[in-house]
Amino acid sequence: MTLKRGPVKRRSFLKSVATGACALGLNFSLGGLVAAHAQEAQFPDLVAVRGTELTRMFDKALEALGGLGRYVKSGQTLVIKPNMAWAQPPSVGANTNPVLVSHIVKNALNLGAKKVYVFDNTCDNWVGAYRDSGLEEASKDAGATVAPGNTSGYYQEVQVPGATILKTIELHEVYLEADVIINVPVLKHHGGAKMTAAIKNLMGAIWSRGPLHRNGVDETLPDLLLYKKPTLNVVEAVRVMTSGGPRGRGTSQYLAANMLIASEDAVAADSACAAIMNTAGISTPSYIELAAQRGIGVSNLDTLNIQRLTI
Amino acid sequence: MRKIVAFYVKWARRLLAYTLLVLVLIALYLSPLLIDFLEIIAKLQFGQIIGALFSIGPLYAVFLFILYGLLTMVFGRFFCSFMCPLGALMDLVGILRQKARRKKFAYKPRRFTQVLVPILVLLLFWVGISLPFGLLEPYSILSSKILSYLGGPSLVFFIVLVLSYFWGRGFCNSLCPTGFVLSLFAKGSIYRLAIGDTCIKCGACERVCPASCINFKEKLVDYGRCVLCLECKSLCPNSSLQYRRVLEPSEEGKLVRRSFIRKASIGALVGGALVTPEALRGGFLARPRPNPILPPGALSIAHLNAHCSSCHSCVRICPNHALKVSYLSSPLFLGKPVVDPYLGFCQYDCVECTRICPTGALINLDVEQKHIFRLGVVHFKREECIVITQGTSCGACAEICPTGAVTMGPGPLGRDEPIISWHHCIGCGACQAVCPVRPVSPIWVRGLAYQDMAAAKPIVAETPDQVLTEEFPF
């Protein structure tokens, strides 16, 4: 190949070589899954927005990611999986803020989503948790279908490909049925797992949590991402509970992180969350690194294209 | 004309009673949505009110007892025919019997044995042995889960139902403690069914009377046993059987004075029950071992034994299905509600069982009190915890603990393990319920024989929220 054919051709040549090398490199390090992302390289891997108004922060984050329309197409069924495990009011920060969930529901319906489901397999009694979190009312008002998740009948057993410990899990029927899954956890301290955000929130999409506790939460959590990954993870980290979690007590302390993190990669989102929690003296839980080692996601944020925005 | 009226009155009575029965049965066994309706019905049941009187019970119960007493002294045992759902069911069975043209009912004189059982049952209840009362009180029979199968009615319910086919309302006048107390009030009631002079002694009334209280040969009605079902009245060929004031006003006065002694003695008994200290009324005989976890507000085994009518409204309403019927902990504790954390745990913010209890066996608690109301204390067998045995991270108990009595902290093995702080534990059993180790959880709650208050939540000065030192820490 010669370089004498002119500057324009040379530039385009260099560009194509660089892109190819990039794609190749990513292929080697991260596997085929991320290669698909490389084709849409104009969008960031992770967006972090600082602000206090959740609806505006969400809009800003999704704008950077190319709009919610990139994920939700007309006629599709959508599941929003918030954290509504606890019979605690929104002020405690134990559940996802209903403002955010209701905003996502409305946006999805505006985009022509056929049906939007909201559910959780709660820890406290489900009636109290759905009610006190304010999420049942907010979601219903926004037009979503709030699905119960309180008995095993709502869950179906599935084989998990590539699982190391959890060979089978029982996933909620709407989670299985959905075309698109938006995981909307709240970031907070967790007495058992140190921290809970995107990956840990998926424990509310399955029925029996005993096997996870029995075999080690850190070791088993990555398996939850193998059968059906959330399409998008939106982590609410505005007023982050830093002690007394996950339920929250009168003595709980908080960190005003004023952030919203959005990413297609739950591991990357959790990794960013862990960085926030580190500033409050909470060490990084090992399930994030274990998931990254198995190629389920990326935990090294330096290798990712991160967009940091402030409102 | 009178016959037509009597016919309509009979059917109006039946309709009212059957409607109540159907609603109660639907609420009990088909639709948990009607549980609030049950709460009202249970609290209006005379038997449950008697149960409530055996405590320094809810004040409304004292008021209702007096109200029912006065009304019964005037009108007779209207409660048994209009307010008692089990009575309505017995009447339905009675209609079946009529249709089947079995042997008709016949008058039986009142016998000493007929008052023996109810008196014994009430006395036993008074000394803190409430099992017999729970087995014989009509509303408890209908709603109890004692020896019930697949969530259906209890075995006693079916036995009573079959009995009523052959015995009519015999149960109400021989075994039912509620009916017994009401019969004391009803004897010498001012309005009553009476056979007039025009009677031709056809015997139609006696043959249809499920309470076997009409003696047509002597033209007498035993008002104490008459449950006012009104089945007889419309059958009287020349309407000589009437519900009316029978006595002259002066005689009425005499009657009231005479029956006053009887009624005063009931009052004394009830009053005595009210002032007798609970400690004396024991329940020591019925003390189960080892200590079960009593429902919130039960206070102590003695208190629960002295007031619980085994209606199991609490078991029914518990949203976490944490309450079950005790069978094996002690023969005399049979049928009492207990918390079983293996079924579910006592929800931190929930006071439903204390709200619905019709007898005051579970005292009312508000949510603030419930937060520190202690049912038991957590115990931990560290060497069997999977964090120790398998070296894995779990933390299920610490995650669910609402008070911070169980937290995860660094242990000697260099990894986080459950740390117990007894003075904050309220014994809700959440840790035991979620612990993945089965069949026996290494973290479990032992019930308190005397419920008390846990150490209040630590009061910390309101600390301002921390802020991020850098705009984006990643």
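Anyway, here's the lowdown on the structure attached to this text. Think of each chain on its own: its residues are numbered from 1, step by step along the sequence as written. As a convention, the first chain written is A and the first ligand written is 1, with the rest following in written order. With the structure being a predicted model, the display of local features is reserved for residues of pLDDT at least 70 and the display and counting of side-chain atom pairs for 80 or more, all residues being used for whole-chain, interface and lining totals. Hydrogen atoms and water are omitted, and side-chain values are computed over all heavy atoms in the structure.

1. Quick word on the pattern of salt bridges
Test applied: Whenever a carboxyl oxygen of Asp or Glu lies within 4 Å of a side-chain nitrogen of Lys or Arg, that contact is scored as a salt bridge. Throughout this description, buried means an accessible area under 20% of the type-specific maximum (1.4 Å probe, protein chains only), exposed means over 50%, and partly exposed covers the range between. A run of H or I in DSSP counts as a helix once it spans at least four residues, and a run of E counts as a strand once it spans at least two, with each numbered from the N terminus.
By the definition in use, this model includes 22 salt bridges over all chains. For Glu 53 of chain A, the salt bridge is made with Arg 56 of chain A, and the minimal N-O distance between the two is 3.9 Å. Look at Glu 53 of chain A and you get partly exposed, because its relative accessible area is 43%. Since its relative accessible area comes to 45%, Arg 56 of chain A is described here as partly exposed. The shortest N-O distance in the salt bridge between Arg 247 of chain A and Asp 124 of chain A comes to 3.0 Å. Here Arg 247 of chain A is found in the loop between β10 (232–241) and β11 (254–263), whereas its partner Asp 124 of chain A is found in the loop between β3 (115–118) and α5 (126–132), with 123 residues between them in sequence. Asp 124 of chain A sits in the buried class, given a relative accessible area of 3%. Among the ionic contacts, a cluster of salt bridges with common partners joins Arg 13, Arg 14, Asp 91, Arg 169 and Glu 231 of chain B.

2. Let's talk about the nonpolar core
Where we set the bar: What we call a nonpolar core is a set of buried Ala, Val, Leu, Ile, Met, Phe, Trp, Tyr and Cys residues that are connected through their side-chain atoms within 4.5 Å. The criterion used for residue contact is that any of the two residues' heavy atoms lie within 4.5 Å.
Residues Ile 80, Ile 182, Leu 187, Ile 261 and Ile 276 of chain A together with Phe 474 of chain B are the most contacted members of the largest nonpolar core, which totals 98 residues. By residue number, the principal contributor to this core is helix α12 (residues 266–278) of chain A, which donates 10 residues. Excluding residues that lie within four positions of it along the chain, Ile 80 of chain A makes contacts with Val 101, Ile 104, Val 105, Val 116, Tyr 117, Val 118, Phe 119, Ile 182 and Val 184 of chain A. Membership of the second largest hydrophobic core comes to 72 residues, among which are Val 208, Ile 214, Cys 232 and Leu 241 of chain B.

3. What about the packing of helix α4 (residues 59–75) of chain B against helix α12 (residues 177–186) of chain B?
All names here are of chain B. Threshold: Axis geometry follows a simple rule: fit a line to the C-alpha atoms, using only the stretch in contact for helices, then measure angles between N-to-C directions, giving values from 0 to 180 degrees. Roughly parallel covers angles under 35 degrees, roughly antiparallel covers those over 145, roughly perpendicular covers 65 to 115, and oblique covers all other angles. Less than a right angle of anticlockwise turn of the near helix away from the far helix marks a crossing as left-handed, whereas a clockwise turn marks it as right-handed.
It is the contact of α4 with α12, at a shortest axis distance of 7 Å, that shows an interaxial angle of 50 degrees. Relative to α12, the element α4 lies oblique. Taken as a pair, α4 and α12 cross one another with a handedness that is right-handed. Each of Phe 65, Gly 69, Thr 72 and Met 73 in α4 lies in contact with α12, whose residues at this interface are Val 181, Leu 182, Phe 185 and Ala 186.

4. Let's talk about the interface of chain A and chain B
As a measure of interface size, the accessible area lost when the parts come together is often cited. Worth spelling out the cut-off: Summed over both partners, the accessible surface that disappears when two parts come together, traced with a 1.4 Å probe, is what is meant by buried area. Identification of polar contacts relies on pairs of N or O atoms within 3.5 Å, with a donor-acceptor requirement for protein atoms, meaning one able to donate a hydrogen and the other able to accept it, and with residues adjacent in sequence counted only if both atoms are side-chain atoms. Only Asp, Glu, Lys and Arg are considered charged, only Ala, Val, Leu, Ile, Met, Phe, Trp, Tyr, Cys and Pro nonpolar, and every remaining residue, Gly among them, polar.
Each side of the interface is counted separately: chain A has 43 residues, and chain B has 36 residues. Note on chain A versus chain B: buried area summed over both sides is about 3200 Å², and carbon and sulfur give 54% of it. Of all residues in chain A, the largest losses of buried area upon contact with chain B belong to His 213, Arg 247 and Arg 249 of chain A, amounting jointly to 19% of the total for that side. Applying the counting criterion to the chain A and chain B interface returns 2 salt bridges. A salt bridge links Arg 239 of chain A to Asp 465 of chain B; the nearest nitrogen and oxygen atoms lie 2.5 Å apart. Where chain A touches chain B, the interface holds 16 residue pairs in polar contact (both at pLDDT 80 or more). Counting residues per element, the ones that place at least two in the side of chain A that touches chain B are β1 (46–50), α9 (210–215), α10 (217–220), β11, α12 and β12 (306–310) of chain A. Top element by residues in the side of chain A that touches chain B is β11 of chain A. It accounts for 6 residues. When the residues that make up the side of chain A that touches chain B are grouped by side-chain class, the tally is 20 nonpolar, 13 polar and 10 charged.

5. A word on the packing of aromatic side chains
All names here are of chain B. For clarity, the cut-off: Paired rings are identified among Phe, Tyr and Trp, the last through its six-membered ring, by centres lying within 6.5 Å, and are further divided according to the angle between planes into stacked (under 30 degrees), edge-to-face (over 60) and tilted (the rest). A ring is considered to have a charge above it if a Lys NZ or an Arg CZ atom is located within 6 Å of its centre and within 35 degrees of its normal.
Per the counting criterion, the structure on display carries 15 aromatic pairs over all chains. Where Tyr 68 meets Phe 79, the ring centres are 5.4 Å apart and the plane angle is 80 degrees; that geometry is what we call edge-to-face. On the criterion of sequence distance, the pair formed by Tyr 68 in helix α4 and Phe 79 in helix α5 (residues 78–82) is long-range, its members being 11 residues apart. Aromatic pair Phe 472 and Phe 474: ring centres 6.3 Å apart, planes at 65 degrees, arrangement edge-to-face. Under the relative-accessibility criterion, Phe 472 is labelled buried at 12%. For Phe 474, a relative accessible area of 16% puts it in the buried group. Over the ring of Phe 105 we find Arg 97; its NZ or CZ atom is 4.0 Å from the centre of that ring.

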